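Close look at the chain arrangement
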Amino acid sequence: MDKATRFADGWQVAWSRINGWVDGFFSLLPNLIVGLLVLSIFLLLAFVARGALARSFRNRGREDLGEMLSSFSFWISLLLGTLVALTIILPTLNPGDLVASLGIGSVAIGFAFKDILQNWLAGLLILLRQPFRRGDQIHVGQIEGTVHRINQRATMIRTYDNRIVVVPNADIYTSSITVMTAYAKRRIALDITVGYDHDVDFVSKLVLDTLARLEEVEKSPAPQVICWELGATSLGLKVRWWTRSQRSAEVAGRSRVVQALKEAFQANGIDPTDPQIVLTQQIGPGEQNREDRRERVPAIAAMPEEPPSLEIPTEDPEAEQPKETIRDMPIESAPDG
């Protein structure tokens, strides 16, 4: 057989194969059109469902949960539409056989996406249970800041020095978290020392009168001055007061309290840094009981002017306000101790 004959036979075989493909394409064309139409309908439904879910949860103030569920519904709808379209285009194709044919490949894919799935489920549980939400100020591990966003993989925390820390949801779900803005108010404590020679009632009254003039200090529950520690040369006092739970309120309040106490102590001859030079109050004979001592508590010599307000700029991360949907509990019901 010469070369021309072999070439003609080869060309005939190729042409018949091409004709078979063309005939097969035209025979599948109706199924292809219907399959693409069905896929387009599912794609349209996926977009509509995603937008409706996102809008619904956004209106309820839970945009992060809405974003996660809407994205999940979109991809599930798209996957379902693809499988339906494939069964229409290729009637002999069984989706179950397709999944089974993946075999060991599906196991490998499962291991590859294990961490992603773990973080996704942890994020979903966080958004459903809501131990905290976007806008809350939390402390987890060595990280403290405002929850900026909760997405499918991680929680983004904006620190007080204006950096974003991305923490995997699985780490947050299995860690101990302190939610600083869980309630509208929280208590702040400050330790001070005074000499043993000074009357505790006088110091307590001076401190309480000083705190009563500061707007950052909540009037209810009232501030407290507690005898806390017996030192070698001085008595340790713990000053406790309530303030708004935001970090900015704590910073501004603590600054004004420390400055106001310093000026009040200075105006009344008290130096808490050196107990040896604290003004001594002598107790005379027959005045050893507490009632007699109270009668001898001296009047406060002077109350200085209030310290200037400390304004935290609104663009400062510490000044960020939690959502209005923040959980609130009457402060009288808060734990004491």
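Refer to the structure above for everything that follows.
About the criteria used
- Residues numbered from 1 in each chain as written.
- Predicted model: local features only at pLDDT ≥ 70, side-chain atom pairs only at ≥ 80, totals over all residues.
- Heavy atoms only, no water.
- Helix = DSSP H or I, 4+ residues; strand = E, 2+ residues; numbered from the N terminus.
- Expected span 1.5 Å × (residues − 1).
- Buried < 20%, exposed > 50% of the residue type's maximum accessible area, 1.4 Å probe, protein only.
- Contact = heavy atoms within 4.5 Å.
- Phe/Tyr/Trp six-rings, centres within 6.5 Å; stacked < 30°, edge-to-face > 60°.
- Lys NZ or Arg CZ within 6 Å of the ring centre and 35° of its normal.
- Pairing = 2+ DSSP bridges.
- Core = buried A, V, L, I, M, F, W, Y, C linked by side-chain atoms within 4.5 Å.
- Salt bridge = Lys/Arg side-chain N within 4 Å of Asp/Glu carboxyl O.
- Axes fitted to C-alpha atoms, helices over the stretch in contact; angles between N-to-C directions.
- Parallel < 35°, antiparallel > 145°, perpendicular 65-115°, else oblique.
- Left-handed = near helix turned anticlockwise from the far one by under 90°.
- Nonpolar A, V, L, I, M, F, W, Y, C, P; charged D, E, K, R; others polar.

This brings us to helix 5 (residues 114-129). The first and last C-alpha atoms of helix 5 sit 22 Å apart over 16 residues, in line with the 22 Å expected at 1.5 Å per residue. Residues of helix 5 that are buried include every one of Asn-119, Trp-120, Ala-122, Gly-123, Leu-124, Ile-126 and Leu-127, and no others. Where helix 5 is buried, its residues touch helix 2 (63-89), strand 2 (143-150), strand 4 (164-168) and helix 6 (169-173).

The subject of this paragraph is the packing of aromatic side chains. The description of an aromatic ring pair uses the distance of the two centres, along with the angle that the planes make with each other. A complete count under the given rule lists three aromatic pairs for this structure. Note on Phe-72 and Trp-120: the rings are 5.2 Å apart at their centroids and 40° apart in plane angle, and the pair reads as tilted. Residue Phe-72 is located in helix 2, and its partner Trp-120 is located in helix 5; the two are separated by 48 residues in the primary sequence. Here the aromatic residues Phe-47, Phe-74 and Trp-75 are joined through ring pairs into a cluster of three or more. The cationic tip of Arg-50 hangs over the ring face of Phe-74; the distance from NZ or CZ to the ring centre is 4.4 Å. Across the ring face of Trp-228, the terminal group of Lys-238 is positioned such that the distance to the ring centre comes to 4.8 Å.

So, about the pairing of strand 1 (residues 137-140). If a strand is regular, its side chains alternate between the two faces of the sheet. Two elements, strand 1 and strand 2, share four bridges in a ladder whose sense is antiparallel. Across the sheet, residue His-139 finds its bridge partner in strand 2, namely Glu-144. As consecutive antiparallel partners, strand 1 and strand 2 are separated by two residues, and within that stretch Gly-141 has a phi angle of approximately 60°, a positive value.

To continue, consider the nonpolar core. Ranked by internal contacts, the top residues of the largest apolar core, which has 22 residues, are Val-207 and Val-257. Leaving out residues up to four positions away in the same chain, Val-207 has contacts with Ile-192, Val-225, Val-239, Leu-261 and Phe-265. If you look at the next biggest cluster of nonpolar residues, it comprises 15 residues, including Phe-132, Ile-138, Val-140 and Val-167.

Next up on the list: the pattern of salt bridges. Tallied over the full model, the rule gives seven salt bridges. Between Arg-163 and Asp-161 there is a salt bridge, with the nearest N and O atoms lying 2.9 Å from each other. Overall, the relative accessible area of 54% leaves Arg-163 in the exposed class. The partner of Glu-250 in a salt bridge is Arg-186, with the nearest N and O atoms 2.8 Å apart. With Glu-250 in helix 8 (residues 247-267) and Arg-186 in strand 6 (residues 185-195), this pair connects stretches of sequence that are 64 residues apart. Residues Glu-250 and Arg-186 agree in their burial class; the two are buried.

This brings us to the packing of helix 7 (residues 200-212) against helix 8. Taken N-terminus to C-terminus, the directions of helix 7 and helix 8 make an angle of 135°; their axes are 10 Å apart at the nearest point. In terms of orientation, helix 7 and helix 8 fall into the oblique class. For the crossing formed where helix 7 meets helix 8, the hand is right-handed. For the pair formed by helix 7 and helix 8, the contact residues are Leu-206, Val-207, Thr-210 and Leu-211 on the first element and Val-257, Ala-260, Leu-261, Ala-264 and Phe-265 on the second. A class-by-class count of the residues in the contact of helix 7 with helix 8 yields eight nonpolar, one polar and no charged.

This next bit is on unusual backbone geometry. For the bond from Ser-220 to Pro-221, the omega torsion is -5°, close enough to zero to count as cis. The residue Pro-221 is located in the loop between helix 7 and strand 7 (224-230) in this model. Backbone geometry places Gln-130, a non-glycine residue, at a positive phi of 55°. Locating Gln-130 in the fold gives a position in the loop between helix 5 and strand 1. With a phi angle near 65°, Asn-162 is a residue other than glycine that sits in the positive phi range.

Attention now goes to the sheet that holds strand 3 (residues 154-159). Taken in spatial order, the five strands make up an open sheet running 4-3-2-1-5, and their pairing is antiparallel. Two strands bound the open sheet, and with one partner strand each, they are strand 4 and strand 5 (177-179). This sheet shows a mean twist of 40° between the axes of neighbouring strands, independent of strand direction.

In this sheet, strand 4 lies alongside strand 3 in antiparallel orientation, the contact comprising five bridges. Each residue of the ladder has a partner; that of Arg-158, found in strand 4, is Ile-164. Linkage of strand 3 to strand 4, two consecutive antiparallel strands, is achieved through a turn of four residues, within which Asn-162 is found at a positive phi near 65°.

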